[in-house]
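Overview (structure and organization)
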Amino acid sequence: MPAPLASSDRPAYITTPIYYVNDRPHIGSAYTTTLCDVWARAMRLDGRDVFFLTGTDEHGQKVEKSAKERGMTPQALADENSAEFRKLLGPFNLSNDDFIRTTEPRHESQVQAFVSRLLASGDIYLGEFNGWYDEGQEEYITESRAKEMDYKSPISGRPLVRATEKNYYFKLSAYQSKLEAFFKANPEFVRPAGRFNEVLGRLRDGLQDVPVTRTNFTWGIPMPNAPEHVIYVWIDALFNYATALGLGDAGGALAKDRAKYWPPEYHVIGKEILWFHAVIWPAMLMALDLPMPKCVYAHSFWIRNGQKMSKSLGNFVDLETIDGFFAKYGVDAWRWYMTTQGPLGTQDADFSDKHFHEIYTAQLVNTFANCASRTSSMIEKYFGGAMPAAETASMPVSSAAGAQGWSAFTAQAAEKTRRHYEAFELAEAADTALSIVRAVDLLINETAPFKLAKDPANLPRVAEILAACAEGVRIAAVLLSPIMPAKCDEVLAAYGSTLGGGGMTDAARWGGLKAGTRIAKCAPFMRVDAPVA
Ligand code: ME8
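Residues numbered from 1 in each chain as written. Predicted model: local features only at pLDDT ≥ 70, side-chain atom pairs only at ≥ 80, totals over all residues. Heavy atoms only, no water.

Here we look at the site of the ligand
Quick reminder of the rule: Whether a residue is near a molecule or strand is decided by its heavy atoms; if any one of them lies within 4 Å of it, the residue is near. Polar contact is the term for a pair of N or O atoms within 3.5 Å; when the atoms are in protein, one must be able to donate a hydrogen and the other to accept it, and sequence-neighboring residues count only if both atoms are side-chain atoms. Calculation of accessible area relied on Shrake-Rupley with a 1.4 Å probe; when residues are assessed, cover is drawn exclusively from the protein chains displayed. Strands are runs of DSSP state E lasting at least two residues, helices are runs of H or I lasting at least four, and both sets are numbered from the N terminus onward.
Around the ligand, the surrounding shell holds 22 residues, and the nearest of these are Ile18, Tyr20, Thr32, Asp57 and Gly270. Tyr20 is positioned with one of its backbone polar atoms (N or O) 2.9 Å from an oxygen atom of the ligand. Considering the ligand on its own, with 670 Å² of exposed area, one finds that the protein chains cover 91% of that surface. Those elements giving two or more residues to the shell around the ligand turn out to be strand 1 (12–20), helix 1 (27–45), helix 8 (233–238) and helix 9 (240–243). For the shell around the ligand, the leading source of residues is strand 1, giving four residues.

Overview of the sheet that holds strand 4 (residues 124–134)
Applied cut-off: By definition, two strands form a pair when at least two bridges between them are found by DSSP.
What the four strands build is an open sheet, ordered 5-4-6-8; its pairing is antiparallel. Whereas interior strands pair on both sides, the edge strands pair on one side only; in this sheet they are strand 5 (139–141) and strand 8 (210–211). Bridge analysis of strand 6 (residues 161–170) against strand 8 gives two bridges, and the strand direction is antiparallel. In the sheet register, Phe170 faces strand 8, and the bridge partner there is Val210.

Some words on the nonpolar core
Rules: Working definition of a nonpolar core: buried Ala, Val, Leu, Ile, Met, Phe, Trp, Tyr and Cys residues. They are joined through side-chain atoms within 4.5 Å. Each residue's exposure class comes from its accessible area (1.4 Å probe, protein chains only) as a fraction of the maximum for that residue type: buried when under 20%, exposed when over 50%, partly exposed otherwise. The criterion used for residue contact is that any of the two residues' heavy atoms lie within 4.5 Å.
The biggest cluster of nonpolar side chains holds 103 residues, and the ones touching the most others in it are Trp334, Phe351, Phe368, Trp406, Phe424 and Tyr495. A per-element tally of this core places helix 18 (residues 459–480) first, with 14 residues. Those residues in contact with Trp334, other than ones at most four positions away along the chain, are Ile27, Phe92, Val317, Ile322, Phe325, Phe326, Phe351 and Phe356. Grouped together as the second largest cluster of nonpolar side chains are 68 residues, Ile231, Ile235, Phe239 and Ala242 included.

Some remarks on helix 13 (residues 331–341)
Of all 11 residues in helix 13, nine are buried, a share of seventy percent or more. Those residues of helix 13 not exposed but buried are Asp332, Ala333, Trp334, Arg335, Trp336, Tyr337, Met338, Thr339 and Thr340.

A word on the packing of aromatic side chains
How we decide: When the centres of two rings from Phe, Tyr and Trp lie within 6.5 Å, Trp using its six-membered ring, the rings pair. Their planes under 30 degrees apart give stacked, over 60 give edge-to-face, and anything left gives tilted. The criterion for a charge sitting over a ring is simple: Lys NZ or Arg CZ within 6 Å of the ring centre, and within 35 degrees of the ring normal.
All told, the structure shown has 41 aromatic pairs when counted by the stated rule. The lysine or arginine in question, Lys62, covers the ring of Tyr20, its NZ or CZ lying 4.5 Å from the ring centre. Note that Arg214 overlies the ring of Tyr133, its terminal NZ or CZ placed 4.3 Å from the centroid.

Examining the pairing of strand 11 (residues 226–231)
Strand direction decides the pairing type here: strand 9 (residues 213–214) and strand 11, joined by two bridges, are antiparallel. When the bridges of strand 11 are listed, Thr213 appears paired with Ile231. Here strand 10 (residues 222–223) folds back onto strand 11, and the loop between the two strands holds two residues.

A closer look at unusual backbone geometry
Pro192 follows Arg191 through a cis peptide bond whose omega is -10°. Topologically, Pro192 is positioned in the loop between strand 7 (190–191) and helix 7 (193–203). Cis peptide bonds are those with omega within 30 degrees of zero, and the linkage from Trp262 to Pro263 qualifies with 0°. Counting through the fold element by element, Pro263 comes out in the loop between helix 10 (253–258) and strand 12 (266–270). Even without glycine at this site, Ala448 takes up a positive phi of about 45°. Position of Ala448 among the secondary structure elements: in the loop between helix 16 (426–447) and helix 17 (449–452). Using a relative accessible area of 12% as the deciding quantity, one classes Ala448 as buried.

Description of the pattern of salt bridges
Worth spelling out the cut-off: Put simply, a salt bridge is a Lys or Arg side-chain nitrogen that is within 4 Å of an Asp or Glu carboxyl oxygen.
Counted under the stated rule, the structure contains 33 salt bridges. Taking the shortest distance from any N to any O, the salt bridge between Glu143 and Arg162 comes out at 3.5 Å. One end of the pair, Glu143, is in helix 5 (residues 143–148); the other, Arg162, is in strand 6, and 19 residues separate them in sequence. With a shortest N-O distance of 3.0 Å, Glu415 and Arg418 are connected by a salt bridge. Of this pair, Glu415 and Arg418 both sit in helix 15 (residues 406–422), separated by three residues, roughly a single helical turn. By relative accessible area, Glu415 is classed as partly exposed at 31%. A network of salt bridges, in which partner residues are shared, links Arg10, Asp46, Arg48, Glu265, Glu415, Arg418 and Glu422.

Functional significance is not addressed by these values, which are geometric in nature.
Following this line, the structure appears as structure tokens:
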């Protein structure tokens, strides 16, 4: 487990990529935003002051082209599709603090201010580009890379087009050694490690200056000193992370409230946009003398039944498909699957209806819901729905766990979960929190309180067992709440509890459930029919 990135009283900033408005939202954009949401909620639960940013990327040739095809202005297209992304936030239960659009005046004016600073420092200069361009990705490609790519876009498969333009350039080449030194000193700047190696490998080929303006279309932010040039969409877009906090307008009102969040703890992105975030963006920040983000986390891709998702194959898990999952399993089951089974590592993850169903049934119905439900119904049956009075802190967890008592076991699991969340090891955080539920399950199976209860003489022992189970369920619900906020709230409410406001460790401390607390029967996840293959 990597060391924690920052002390817990530091404000925390996390960002998603800003999504292109020439596409509709789908599993990919929902996935990245959900991961960031889980982290943001976990850090808030831990008492940190969090700023969680998402938004839409609205300029560029592709948007201009699509708008033309549809007979509308680029702004109208951007408005329409940005609203689609915004609509996603409620149903997915995403708790972002702002939603930035690159066509907003607050963003445009700050991008111009940043670019003016880079012109003044000589980091941006006028020059001529001769090379290749990937139209789909809106990315300039040098001759040597184009050759490696066989003159085809690795993303769309379409041929690269020849590009010769008088453009403004960013002096990326001047930052080669500074970046190398920075990477060496920050071995966790890009995660997972396999992705960092890819960046370092490409860095060894040597950096060339990159164009930062275009003149062959107009849908972009005008260059402050030469308005016939528009700022290249990628440069415009990367700045969103800083403009949302007002950093381009240092004395302004936005910066007054938000500058404290810089630098970001995590820029979470997909693997295909790593170079921009791991190399170009840090070099621009160096040129602007802004502190570096702590980590760029590049996850891999969801694929569908073993195949890449693409428009031409028509196999995208789109919002309509996701709606079907919400209707059948609920949004929290969706969030659970995204968090625990997604492509957080260097491998792509296959999205399959069957696997979703298996995970739902095994982990949510049979484990989490079953424990919450069995415990609450036995408390109802044997103790009239009131939390039994019993000393449970040092009661052994199970025969397998040796002498370790419940209080020590859950404190250890809670701290481990907290650290996993903090380190963006979200599937591990989920599993560690769920280990408490598995221990409750084992306790019930090993001690069979439903059998013991048949003899009234055993009631003190039954009280002890069920009190431990109830407290275990409560703590697990606290720790799982960043992933499944609504269902965990439901369980906590049934168990007469709340998340409290004192941080994750406090909320998860043994003994939170006082004797006599009303515990209502609850069944947070219900069995549903398996999908037809
Ligand atoms: O690249 N699996 O925007 P974009 C998982 N505007 N995640 C996926 C995915 C998949 N199959 N497909 C897409 C852009 N994503 C730029 C970003 S940031 C300054 C500018 C997610 O709309 C993943 O997060 O193409 C990826 O990086 C992002 O969507 C790309 O979104």
